[in-house]
Amino acid sequence: MEALVRRTRTRLAGALAGLVLAATALAAVAAPAQAASLTMVTGFGSNPGNLAMYAYRPDNLPSGAPAVVLLHGCAQNASGYFTNSGWQKYADQWRFALIVPEQRSTNNSSSCFNWFETGDTTRGQGEALSIKQMVDHARSSYGIAANRVYVSGLSAGGAMSATMLAVYPDVFAGGSVIAGMPHRCATSMVNAFSCMSPGVDKTPAQWGDLVRSAHPGYSGARPKVAIWHGTSDYTVATANATESRDQWTNVLGVSQTPTGTRQLPAGTSVEVYGNDLVRVHRVSGMGHGTPVDPGSGADQCGTAAAYFLDTICSTYHDAVFFGLNGGVTPSPTPTTSPSPTASPSPTLSPSPTASPTCVTASNYAHVSAGRAYHSGGYAYANGSQQRMGLYNTFHTTTLRQTAPNHWTIGC
């Protein structure tokens, strides 16, 4: 009897072992491939700016896919910006790569990209060259399309985004400047703070010359540019959005008067310039940060956190602006409450039959009468958003009305 029990136990143990092995083998066959993740990349080039490179490649990324370079803000890092900005969602959905440079504290104690140092913002030098080398590495190693590379950044990263568009127009097809500054707004740490606030006032031609001199003799296509700024940003003055607009409209050879406006969620007004070459987004009441909109909707993305502000998914709108969704552009979600500083008209094109009205007054009087508004210490003409100068009783401007609630400087 005892021998029979031992034989039965042996057979049972063998059967259980066989089941375990079979289950293990089945699990190995059924296990999915490892999901894509943000990965540190080394050996991408000489790296004169001493930056770290991270990359994200969705599973089954096709050859010739686009890529977006993401530049974090001060006190941020690559992982945090990748995680919270919402770009991973659309990279997975529309199949493009992400290149995420990271600043080192040894370069800048606040982990800011050095957008104000000429050695880091000149073609072929410093941090700008390091970022360009990351793009070159992605093209050679991942098969990224040479003509479909874009860049987006926040604050110091936004200013660095403008720099990359200026010094490497032959590399980038478009970019997004979020709560940033124009290229070469500052050339040292001393004047970086005045550039941030109250801002630097230059003519469009002066701003444009700073971009043109970044790559002398370049005559090829220039990148399209999206600009984002909160109307309550007290870290980087809102005047920088207008100065950035002046810079890029001048470079692209289009008027500083928008060809149209529209409304997006969260009180966001969008001004469109030229043939949709420049967009300026003004997010009503938003402070300093990247606009995100957590949720599962097609146009929702990101995670609310420090400097990621729950308003609107800027990433979605930038990805569509860049054409990363395959060229199928859905209609923007309208709102029923227009921005108080934006024209309710669907277009800002002056009416050819309108009889112009001209008014000369102080900027203070223009604002009081509703012909203009003030932001960041400056007055701006309603409708055209043209900057009139300081908001006070001493600065006088002549405004010309060309449509309801649409005023332009001069008569």
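Residues numbered from 1 in each chain as written. Predicted model: local features only at pLDDT ≥ 70, side-chain atom pairs only at ≥ 80, totals over all residues. Heavy atoms only, no water.

Asks: Any chance you could explain the pattern of salt bridges here in plain terms?
Replies: Side-chain pairs of opposite charge can arise whenever the charged atoms involved come near each other. Going through the model one piece at a time under the given rule, you end up with 8 salt bridges. Here R279 and D276 are joined by a salt bridge, their closest N and O atoms 2.9 Å apart. The structure contains a network of salt bridges with shared partners spanning K132, D136 and R139. (Salt bridge = Lys/Arg side-chain N within 4 Å of Asp/Glu carboxyl O.)

Asks: It is not clear to me how the packing of helix α3 (residues 87–94) against helix α9 (residues 314–321) should be interpreted in this structure. Could you clarify?
Replies: Each pair of packed helices can be summarised by the angle the axes make with each other and by the distance between the axes. Packing of α3 against α9 leaves a shortest axis separation of 9 Å and a crossing angle of 40°. With respect to each other, α3 and α9 are oriented oblique. For α3 against α9, the interelement crossing comes out right-handed. Touching W87, Y90 and W94 of α3 are T315, Y316, D318, A319 and V320, all from α9. Among the residues making up the contact of α3 with α9, the classes are represented as 6 nonpolar, 1 polar and 1 charged. (Axes fitted to C-alpha atoms, helices over the stretch in contact; angles between N-to-C directions. Helix = DSSP H or I, 4+ residues; strand = E, 2+ residues; numbered from the N terminus. Parallel < 35°, antiparallel > 145°, perpendicular 65-115°, else oblique. Left-handed = near helix turned anticlockwise from the far one by under 90°. Contact = heavy atoms within 4.5 Å. Nonpolar A, V, L, I, M, F, W, Y, C, P; charged D, E, K, R; others polar.)

Asks: Before we go on, may I ask you to explain α3 in this structure?
Replies: Those residues of α3 that sit buried are W87, Y90 and A91. The buried side chains of α3 occupy one side of the element, clustering within an arc of 105° when seen end-on. As for α3, its buried residues are in contact with β2 (52–56), β3 (67–71), α2 (78–85), β4 (97–102), β5 (149–154) and α9. Where α3 ends, the next residue or the one after it, R95, has phi of about 60°, a positive value. (Buried < 20%, exposed > 50% of the residue type's maximum accessible area, 1.4 Å probe, protein only. Arc of directions from axis to C-beta.)

Asks: Sorry, what's going on with the state of the cysteines here?
Replies: Two cysteines form a disulfide when their sulfur atoms are joined by a covalent bond. Scanning all chains against the criterion turns up 3 disulfides. Residue C74 pairs covalently with C112 via a disulfide, S to S 2.0 Å. With the S-S bond torsion at 125°, the cross-link from C74 to C112 turns out right-handed. Residue C74 is found in the loop between β3 and α2, and its partner C112 is found in the loop between β4 and α4 (126–142); the two are separated by 38 residues along the sequence. For C74, a relative accessible area of 27% corresponds to the partly exposed category. On the basis of relative accessibility, which here comes to 10%, the residue C112 falls in the buried class. The side chain of C301 participates in a disulfide bridge whose partner is C313; the two sulfur atoms lie 2.0 Å from each other. (Disulfide = S-S within 2.5 Å.)

Asks: Hey, could you run me through the packing of aromatic side chains in this one?
Replies: Aromatic rings considered in pairs are described by the distance between their centres and by the relative angle of their planes. Tallied over the entire structure, the rule returns 9 aromatic pairs. With centroids separated by 5.4 Å and ring planes inclined at 50°, the aromatic side chains of Y81 and F308 adopt a geometry described as tilted. Here the residue Y81 occupies a position in helix α2, and F308 occupies one in strand β12 (residues 308–310), the gap between them amounting to 227 residues. Pair check on accessibility: Y81 and F308 agree, each one buried. Taking 4.6 Å as the distance between ring centres and 15° as the angle between the ring planes, the aromatic pair formed by Y150 and F322 counts as stacked. Highlighted residues: Y150 in strand β5 and F322 in the loop between α9 and β13 (357–362), separated in sequence by 172 residues. For Y150, a relative accessible area of 6% gives the class buried. Members of the aromatic cluster, each reached through a chain of ring pairs, are Y90, W94 and Y316. Its guanidinium or amino end placed over the ring of W207, K202 lies 5.7 Å from that ring's centre, counting from NZ or CZ. (Phe/Tyr/Trp six-rings, centres within 6.5 Å; stacked < 30°, edge-to-face > 60°. Lys NZ or Arg CZ within 6 Å of the ring centre and 35° of its normal.)

These values are about where atoms sit, not about what they do.
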